[in-house]
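Read off the chains here:
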Amino acid sequence: MQLLRLATLAGAVIVAAPASAQTGDLVCNVPFTDVRLSNKETSVLHQNSPNPFTHQTTISYKLPDNLKKARLMFYDAQGKLVKAVDITRTAVGSEDAQCTGVGRVSVFGDDLRDGSYTYVLVVDDRVVGSQTMTKSE
């Protein structure tokens, strides 16, 4: 009889516990932390499109508002610098905050030999991304 009362009492506790919680889960007093994620200060270098390309391709990127200098560096398969392009832009007074720091570069490769090329985004003298593009006829 004593064992039956203990089982009944335990069952009542188990059944009653979820009723006190809002979602049916056990409620615990744990610290709560808010986390806000943002890529506002992040540089992003996208893959060129189309890739591979024959004559022209486009590279998109996003730069943070607080940069001093940004460049795209283009290298051939042997690591030789083909071209460096200054893409620094200031967005002071920009009306479209969503597009601040967003840009595109059109690359015309008519004078390039077929093969792989690497392009590197350098922001404030720090490499922040690189991608590989392929030129083919």
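In this report, the structure presented in the accompanying data block is examined.

1. Some points on the packing of aromatic side chains
Evaluation of the coordinates by the stated rule reveals one aromatic pair. Considering the side-chain rings of F74 and Y119, the 6.2 Å spacing of their centres and the 35 degrees angle between planes classify their relative orientation as tilted. One end of the pair, F74, is in strand β3 (residues 70–75); the other, Y119, is in strand β6 (residues 115–123), and 45 residues separate them in sequence. Assessed through its relative accessible area of 8%, F74 is described here as buried. Judged by its relative accessible area of 0%, Y119 is buried.

2. Considerations on the sheet that holds strand β2 (residues 56–62)
Pairing in this open sheet of three strands is antiparallel, and the strands run β1-β2-β5 from one edge to the other. Here the strands that pair on one side only, and so sit at the sheet edges, are β1 (44–45) and β5 (102–108). Pairing of β1 with β2, which is carried by two bridges, proceeds in the antiparallel orientation. In the sheet register, L45 faces β2, and the bridge partner there is Y61.

3. Here we look at the nonpolar core
The biggest cluster of nonpolar side chains holds 17 residues, and the ones touching the most others in it are L63, L72 and I87. Secondary structure elements with two or more residues in this core: β2, β3, β5 and β6. Looking at this core, the element that brings in the most residues is β6, giving four residues.

4. Regarding the environment of V105
Looking at the element boundaries, V105 is found in strand β5. The class for V105 is buried, based on a relative accessible area of 13%. When residues no more than four places from it in sequence are discounted, the contact partners of V105 are T57, T58, I59, Y61, L72 and I87.

5. Let's talk about the pattern of salt bridges
In this structure the tally under the stated criterion is three salt bridges. Residue K135 is joined to E137 by a salt bridge in which the shortest nitrogen-to-oxygen separation is 2.8 Å. Take E137: its relative accessible area is 64%, and that puts it in the exposed class. Residues participating in the shared-partner salt-bridge network are D114, K135 and E137.

6. Considering the environment of V127
Within the fold, V127 resides in strand β7 (residues 126–135). Remark: the alpha-carbon pair of V127 and R71, spanning 56 residues in sequence, is separated by 9.5 Å. Each residue touching V127, except ones within four places of it in the same chain, is listed here: V120, L121 and V122.

7. Structural notes on unusual backbone geometry
The omega torsion of the bond from S49 to P50 falls at 0 degrees, within 30 degrees of zero and hence cis. Topologically, P50 is positioned in the loop between β1 and β2. Even without being glycine, D124 reaches a positive phi, approximately 50 degrees. Within the fold, D124 resides in the loop between β6 and β7. Taking relative accessible area as the criterion, D124 reaches 33% and is therefore assigned partly exposed. With phi around 65 degrees, D125 is a residue other than glycine that occupies positive phi space.

Calculation notes
Residues numbered from 1 in each chain as written. Predicted model: local features only at pLDDT ≥ 70, side-chain atom pairs only at ≥ 80, totals over all residues. Heavy atoms only, no water. Phe/Tyr/Trp six-rings, centres within 6.5 Å; stacked < 30°, edge-to-face > 60°. Helix = DSSP H or I, 4+ residues; strand = E, 2+ residues; numbered from the N terminus. Buried < 20%, exposed > 50% of the residue type's maximum accessible area, 1.4 Å probe, protein only. Pairing = 2+ DSSP bridges. Core = buried A, V, L, I, M, F, W, Y, C linked by side-chain atoms within 4.5 Å. Contact = heavy atoms within 4.5 Å. Salt bridge = Lys/Arg side-chain N within 4 Å of Asp/Glu carboxyl O.

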